[in-house]
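Structural overview
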Amino acid sequence: MGYWLFKSEPDTWGWPDQVARGDAGEEWHGVRNYQARNNMRAMKVGDRGFFYHSNIGKEIVGIVEVCRESQPDSTTDDPRWDCVCIRAVQPLLRPVTLETCKVQPGLEKMVLINNSRLSVQPVTADEWRIICDLGGLA
């Protein structure tokens, strides 16, 4: 299983919006960064991801699952852009802030800390475990 992190501005699309989509999930459209797109192209159905509120809160608030592999983004006719579909799995019992991640041993190399602008990013298995522990999902 692969692990990822999806960043969203909560005033545009937040955790409650993702949860409201239910099992159908939501297309993670609108990504216009090649590295983020390539990350989505590498995803498989069943991969898990953290749902991160950027700008407001700057915290990991939930876990999502890839429910459809990468396909053309329905919001553009430009064939360069793809996206996956994700569905909410569960909230973290305690949101994990960016500030917590910055000082937590074992997360020093996490992409969230070192490339904070990337909207879709990989997470290692060790990072996944640490964040889940911090979030009360041990």
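Since we're looking at a predicted model, the values are computed, not measured.

Moving on, we come to the overall build of the protein. Helices and strands together make up the secondary structure of the protein, namely 5 helices and 6 strands. Helices and strands in the protein line up, N terminus first, as β-α-β-α-β-β-β-α-α-β-α. Taking 2.2 N^0.38 as the reference for a compact globule, 138 residues should give roughly 14 Å; the C-alpha atoms of the protein span a radius of gyration of 14 Å, in line with that estimate. By its C-alpha atoms, the protein is 45 × 30 × 30 Å across when sized along the principal axes. Out of the 138 residues in the protein, the part that is buried amounts to 41%. When contacts within the protein are restricted to residue pairs at least 6 apart in sequence, those whose partners lie at least 24 apart make up 70%. With the model as given, the accessible surface of the protein reaches about 7000 Å², and the carbon-plus-sulfur share is 49%.

With that out of the way, let us pick up the sheet that holds strand S5 (residues 82-97). With mixed pairing, the 6 strands of this open sheet are ordered in space as S2-S5-S4-S3-S1-S6. Each edge of the open sheet carries a strand with a single partner, namely strand S2 (26-27) and strand S6 (120-122).

This part covers the UniProt feature "domain: EVE" (unreviewed entry) in the protein. The UniProt record annotates "domain: EVE" (unreviewed entry) at residues 3-133. Secondary structure content for residues 3-133 is 25% helix and 36% strand, while the C-alpha to C-alpha distance between its ends is 15 Å.

On to the pattern of salt bridges. Within this structure, the stated rule accounts for 9 salt bridges. A salt bridge links Glu27 to Arg68, with the shortest nitrogen-to-oxygen separation between them at 3.7 Å. Placement of Glu27 in strand S2 and of Arg68 in strand S4 (residues 59-72) is noted, with a sequence separation of 41 residues between them. Connected through salt bridges with shared partners, the residues Arg48, Glu65 and Arg87 form a single ionic network.

Definitions and limits used
- Residues numbered from 1 in each chain as written.
- Predicted model: local features only at pLDDT ≥ 70, side-chain atom pairs only at ≥ 80, totals over all residues.
- Heavy atoms only, no water.
- Helix = DSSP H or I, 4+ residues; strand = E, 2+ residues; numbered from the N terminus.
- Rg over C-alpha atoms; globule rule 2.2 N^0.38 Å.
- Buried < 20%, exposed > 50% of the residue type's maximum accessible area, 1.4 Å probe, protein only.
- Contact = heavy atoms within 4.5 Å.
- Areas by Shrake-Rupley, 256 points an atom, 1.4 Å probe, with all protein chains shown as cover.
- Pairing = 2+ DSSP bridges.
- UniProt positions renumbered as here; feature names shortened; annotations may be inferred.
- Salt bridge = Lys/Arg side-chain N within 4 Å of Asp/Glu carboxyl O.

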